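An overview of the molecular structure
One letter stands for each residue in the lines below.
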Amino acid sequence: MHYLKVVFLGVSLLSGSLAQAECTSPNFSDWLQELKTEAIAAGIKPNVWDSTLAGLTPDPAVIKRDRSQQVFAQDFMSFANKKVSGNRLALGKAKLKNQAALFKRIEESYGVPAPVLTALWGLETDFGAVTGDFSTLRSLVTLAHDCRRPEQFRPELLGALQLVQKGDLKPAKMRGAWAGEIGQLQFMASSYDRYAVDFDGNGHRELIHSSADALASGANMLKSSGWRSGEPWLQEVKVPAKMDWSQARPGNKLAVEEWASQGVRDADGSPLSGNGSAALLLPMGRNGPAFLTYPNFDVFLQWNDSTVYSATAAYFATRLAGAGAMRKGNAPVPVLSVEQTKQLQSKLQVQGLGISKVDGIIGEETRQAVRQVQQKLGLPVDGYPDPELLARL
């Protein structure tokens, strides 16, 4: 899997269904010996392997975390209001002020504005305060050995060994989140190796304790992912009571003027202004909050491919940049429970509508299937399931 899709596994990709989790892992000793052969062939020195992984065994706590994730079963407003709290906003604004000189240097180097980096910094680790205390190497050994997604974590384990071999990190200091993320912006080992920079000039790429290195490395990754300097990323808007809701889907970027012609207005009700193209994002359907997402929003999705997370991070960044709190939308939005969402996904799966996992999380896969059913049933095609749709199915 592409590295950007696994940067923040703890809150994005580890959301498979329990059915997927029921598999059998290979014998650990045999597996480890096989992986050692692979690692040495890939350039890892035998003494680095032996000294780094000696005595490590799978961590049951990591498997438990992996099997029980439901963080993105929350609806967007619940998640965003929890994550973009008053306290976190205040801390973020204080960081912007206190670290202004650092952020200025970073933007001059990479073109990424301070509010964007600060939002990701705050969501990932509360501005470096909570980076995690799991052994990174043991977590990666556990998940690489586990039968559920070994193809994702074997490369990350080998990447972590490369960091040790290059002298970037010492094994004892490699502690972070349970899924192997490291540092103040929670990089996986592969992205650490590829994008980490020494921005404080001490000769080491240290993303755990150096805010300068961590933030600049994040900016480097975003720039490499296509960040457009000086351009917006998200704009809250107000949608009309009726429009062609099928237009509101990822990738359907229209000129801002065209959205205006369909009745979309700024959040305060004033006419839309600005140039360029944008997609219309309705994270909770036609009655919930609404946003125009510009090309830079796609970079948030590369950072973390959960729409709920990326929309929250982008919204947080707009708040830090001076935007007001988001509207609730045009009307109350009934929210399906996790179990109801699983029922919905099962029904969509039976109809052959491309549902690969029944996990209770309304991701883009589910939204696309919902759009197809809404179209068939003559309902507004906004991609968001509600109790009425579940009943009709």
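See the structure above.
In short, a report on the structure. (Residues numbered from 1 in each chain as written. Predicted model: local features only at pLDDT ≥ 70, side-chain atom pairs only at ≥ 80, totals over all residues. Heavy atoms only, no water.)

Here we take up the sheet that holds strand 3 (residues 234–238). The strands that make up a sheet pair up through hydrogen bonds in the backbone, lying either parallel or antiparallel. Strand order in the open sheet formed by five strands is 4-6-7-3-5, with antiparallel pairing between adjacent strands. Each edge of the open sheet is held by one strand with a lone partner, namely strand 4 (254–255) and strand 5 (265–266). One ladder, built from two bridges, connects strand 3 with strand 5; its direction is antiparallel. The residue bridging Val 237 from the neighbouring strand is Asp 266, located in strand 5. With respect to the sheet, helix 15 (residues 307–320) is in contact with strand 3, strand 6 (277–281) and strand 7 (290–293), its orientation differing from that of strand 3 by roughly 95°. (Pairing = 2+ DSSP bridges. Helix = DSSP H or I, 4+ residues; strand = E, 2+ residues; numbered from the N terminus. Contact = heavy atoms within 4.5 Å. Axes fitted to C-alpha atoms, helices over the stretch in contact; angles between N-to-C directions.)

In this structure the tally under the stated criterion is 16 salt bridges. The shortest N-O distance in the salt bridge between Asp 146 and Arg 67 comes to 3.0 Å. Linking Asp 146 in the loop between helix 9 (136–145) and helix 10 (150–166) with Arg 67 in helix 4 (residues 60–67), this pair joins segments that are 79 residues apart in sequence. Note on Arg 67: relative accessible area 21%, which makes it partly exposed. Note that Arg 88 and Asp 126 form a salt bridge whose closest N and O atoms lie 2.7 Å from each other. Residue Arg 88 is found in helix 6 (residues 86–98), and its partner Asp 126 is found in the loop between helix 8 (114–125) and strand 1 (134–135); the two are separated by 38 residues along the sequence. According to the relative accessible area criterion, Arg 88 is buried, its value standing at 13%. Through salt bridges with shared partners, a single ionic network connects Asp 66, Arg 67, Asp 146, Arg 148 and Arg 149. (Salt bridge = Lys/Arg side-chain N within 4 Å of Asp/Glu carboxyl O. Buried < 20%, exposed > 50% of the residue type's maximum accessible area, 1.4 Å probe, protein only.)

Moving on, we get to helix 5 (residues 76–83). Every buried residue of helix 5 is accounted for by Phe 76, Met 77, Phe 79 and Ala 80. The buried side chains of helix 5 occupy one side of the element, clustering within an arc of 165° when seen end-on. Taken together, the buried residues of helix 5 touch strand 7 and helix 15. Capping the start of helix 5 is the job of one residue whose side-chain oxygen sits 3.2 Å from the backbone nitrogen of Met 77: Asp 75. (Arc of directions from axis to C-beta. Polar contact = N/O pair within 3.5 Å; in protein donor to acceptor, adjacent residues only side chain to side chain.)

Moving on, we get to the nonpolar core. Judged by nonpolar contacts, the single largest core of 88 residues is most densely connected at Ile 106, Val 116, Leu 120, Leu 157, Leu 222 and Phe 300. It is helix 15 that contributes the most residues to this core, nine residues altogether. Excluding anything up to four places from it in sequence, Val 116 contacts Leu 222, Trp 227, Trp 233, Phe 300 and Ala 317. Core analysis: the second largest hydrophobic core is formed by 16 residues, Trp 245, Ala 248, Trp 259 and Ala 278 among them. (Core = buried A, V, L, I, M, F, W, Y, C linked by side-chain atoms within 4.5 Å.)

So, on to the pairing of strand 7. Of the two faces of strand 7, the one lined by Ala 290 and Leu 292 and the one lined by Phe 291 and Thr 293 are each fully buried. As defined by bridge partners, strand 3 adjoins strand 7 across four bridges and the pair is classed as antiparallel. Within strand 7, the residue paired with Val 237 across the bridge is Ala 290. As judged from the three bridges shared by strand 6 and strand 7, these two strands associate in the antiparallel manner. Looking at strand 7, one finds that Leu 280 is bridged to Leu 292.

With the exception of glycine, most residues fall at negative phi, and the peptide bonds are largely trans. Phi at Asp 126 takes a positive value of approximately 50°, unusual for a residue other than glycine. A positive phi is found at Gln 186, a non-glycine position, where the angle reads about 55°. On the accessibility criterion, Gln 186 (6% relative accessible area) is buried.

This part is about the side chain of Arg 148. Relative to the assigned elements, Arg 148 resides in the loop between helix 9 and helix 10. Among the polar contacts made by the side chain of Arg 148, one reaches the side chain of Asp 66 at a distance of 2.8 Å.

Another aspect to go through is the packing of helix 6 against helix 8. Geometry of a packed helix pair, given as the angle between the helix axes and the separation of the axes. Relative orientation of the contacting elements helix 6 and helix 8 amounts to 130°, with a least axis distance of 10 Å. By the criterion of interaxial angle, the relationship of helix 6 to helix 8 is oblique. As for the relative orientation of helix 6 and helix 8, their crossing is right-handed in sense. Here Arg 88, Gly 92, Lys 95 and Leu 96 of helix 6 lie close against helix 8, whose contacting residues are Ala 114, Pro 115, Thr 118, Trp 121, Gly 122 and Leu 123. (Parallel < 35°, antiparallel > 145°, perpendicular 65-115°, else oblique. Left-handed = near helix turned anticlockwise from the far one by under 90°.)

This paragraph deals with the environment of Gly 111. One can find Gly 111 in the loop between helix 7 (100–110) and helix 8. Owing to a relative accessible area of 8%, Gly 111 belongs among the buried residues under this scheme. When the C-alpha positions of Gly 111 and Lys 238 are compared, they lie 29 Å apart, and in sequence the two are 127 residues distant. Look past the residues within four positions of Gly 111 in its chain and what remains in contact with it is Ile 106, Trp 227 and Ser 229.

Function cannot be read off these values alone, since they describe shape.
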